[in-house]
Amino acid sequence: MNEKNEKRQDIVENKKAQQESYQDLPQAIRDKLEWFQNQKLGIIFHWGLYAQAGIVESWQLSKEDDWARKHGAFRKDLKELRHDYWALNHEFNPINFDPESWAKAAKYAGFKYMIFTTKHHDGFNMYDTKYSDYKITGKDSAFHNNPSADILKYVNEAFRKEGIAIGAYYSKADWHCPFYWEPGSDPRGRYASYDPVQKPELWQKFQKFVENQLVEICQNYGPIDILWLDAGWVNGGHHEFLPMEQIARKIWQIKADTLIVDRTIGGKYENYVTPEQQIPTIPPQKVWESNLTLAKNWGYVPNDQYKSFREILDNIVKIISLGGNVILGVGPKPDGTLPQQALKLMKKLGDWLKVFGEAVYNTRGCPEYVNKNIFMTKKNSDYYLFYNSDEAGHKISVNDLPVKSNTVLSLETGKSVLVNNSIINLPKTAFPYGVIEIKCDK
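Peer 1: What is the right way to look at the pairing of strand 9 (residues 375-379) in this model?
Peer 2: Within a regular strand, the side chains alternate between the two sheet faces. Here two bridges tie strand 8 (residues 364-365) to strand 9, and the two strands are oriented antiparallel to one another. Bridging across to strand 9, arginine 364 finds its partner in lysine 378. Direction of pairing for strand 9 relative to strand 10 (residues 382-388): antiparallel, over a ladder of five bridges. From the neighbouring strand, methionine 376 faces strand 10, where its bridge partner is leucine 385.

Shown next, in the form of structure tokens:
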């Protein structure tokens, strides 16, 4: 995304859903949500034909989403753009794809779960689906003869081997599917090219297509811990409804504790909420996860602008203090490697977590203190106070904290931090953020 185009119009919010409480959830899902909150940090890979094009994911295909074409259209004419974009499967050939190296880098970085894009809105499947020929393993795909052609399979296997939980991103929309965008039609935008009320039989075919693919992903590529459903306009209006109760029942028959995230829809099948590219000012009532990119875009764009490590840590510290999880987006390159800028940031994150991870994993937030500019997490009766390196040497009163204690440790050195007349002198840190542990005096 160009700097001039800061506001991405694909970001959809449902503030009502963010503040709703849980309905009646199966106990397996309630238990899994506790597990999820312990994981804290995840990574999401957006990868597909848009990496070959070097554009803002597949949004340029949508007529109404002209924001995606304003600063670097793949082709000037939309008809030509669609034709040439969909033909990229002939070129997309990630011969340096090495999922084991991805998984090792993610493990070192401290990510506990991974979400991979099985299919974006463009309809190109990054796995060997039985329900479409438009796939990475299809005979028209440049990569289809590669031993690792079934990309989702090898990504999931590599990450499981490293002990990282598995999530599957899936777009409920499909702009290549003839049951969603009818051949020869001129779709007005991101929605189906027809009104499902007027063509119920065609819509039923699309419903079955989505259901079949979701069952297929969970059955053939599992165990899947998180099923992360995107394209919130499907199930959100325009008569584009899916039989989510039936779909969820089949998913939970395969694995009873798969978290379903029907993003921006709310209700029973949005098991946790996902504020995108933002930190909520008011923490959601449900379990939540802020979705942030390491660069500006989710997918790979040449010369993308990456965030500084300090900015990334600022976001992580604030989010976990508010009680949320963080998922960081990385866009693999068309050759199958991860961008060096992303790898460098991941390495720095791993270095920091090796020292301070105790204050991150298996903790809960202290959101009531964030508005006082105090960032804390808690584990049982102990608290962890985060402070940036500029605050080293500053004094903080124990009386301002939720626990009155004279037992304070530096996580960086393991040494005691002096508490004098209820005042803590924040120790120096070699990192952008340091952490002190405040133990509850028995």
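From this point, the narrative continues.
Peer 1: What should I look at first to understand unusual backbone geometry in this one?
Peer 2: Glycine aside, negative phi is the norm for most residues, and most peptide bonds take the trans geometry. The peptide bond linking glycine 222 to proline 223 adopts the cis configuration, its omega dihedral lying at 5 degrees. By the secondary structure assignment, proline 223 is in the loop between helix 7 (200-220) and strand 4 (226-230). Positive phi is not limited to glycine here, since serine 422 has a value of about 65 degrees. Inspection of the secondary structure assignment puts serine 422 in the loop between strand 13 (419-420) and strand 14 (423-425). On the basis of relative accessible area, serine 422 is assigned to the partly exposed category, the value being 28%.

Peer 1: How should I be thinking about the pattern of salt bridges in this particular structure?
Peer 2: Oppositely charged side chains can form a pair if their charged atoms are brought close together. This model, assessed by the stated rule, comprises 26 salt bridges. Its salt-bridge partner being arginine 263, residue aspartate 230 comes within 2.9 Å of it at the nearest N-O pair. One end of the pair, aspartate 230, is in strand 4; the other, arginine 263, is in the loop between strand 5 (259-262) and strand 6 (289-293), and 33 residues separate them in sequence. For arginine 263, a relative accessible area of 4% corresponds to the buried category. One salt-bridge network, held together by shared partners, links Lys32, Asp225, Lys255 and Asp257.

What counts and how
Sequence positions are assigned chain by chain, starting from 1 and proceeding in written order. Note on the predicted model: pLDDT of at least 70 is required for a residue's local features to be given, and 80 or more for side-chain atom pairs to be given and counted; whole-chain, interface and lining totals, by contrast, use all residues. The basis for every side-chain value is the complete set of non-hydrogen atoms in the structure, without hydrogens or water. A pair of strands is treated as paired once DSSP finds two or more bridges between them. Put simply, DSSP marks the helices as runs of H or I at least four residues long and the strands as runs of E at least two long, and each gets a number from the N terminus on. The cut-offs for exposure are 20% and 50% of the maximum accessible area for each residue type, with area from a 1.4 Å probe on protein chains only; residues under the lower value are buried, those over the upper are exposed, and the others partly exposed. Salt bridge criterion: a side-chain nitrogen from Lys or Arg within 4 Å of a carboxyl oxygen from Asp or Glu.

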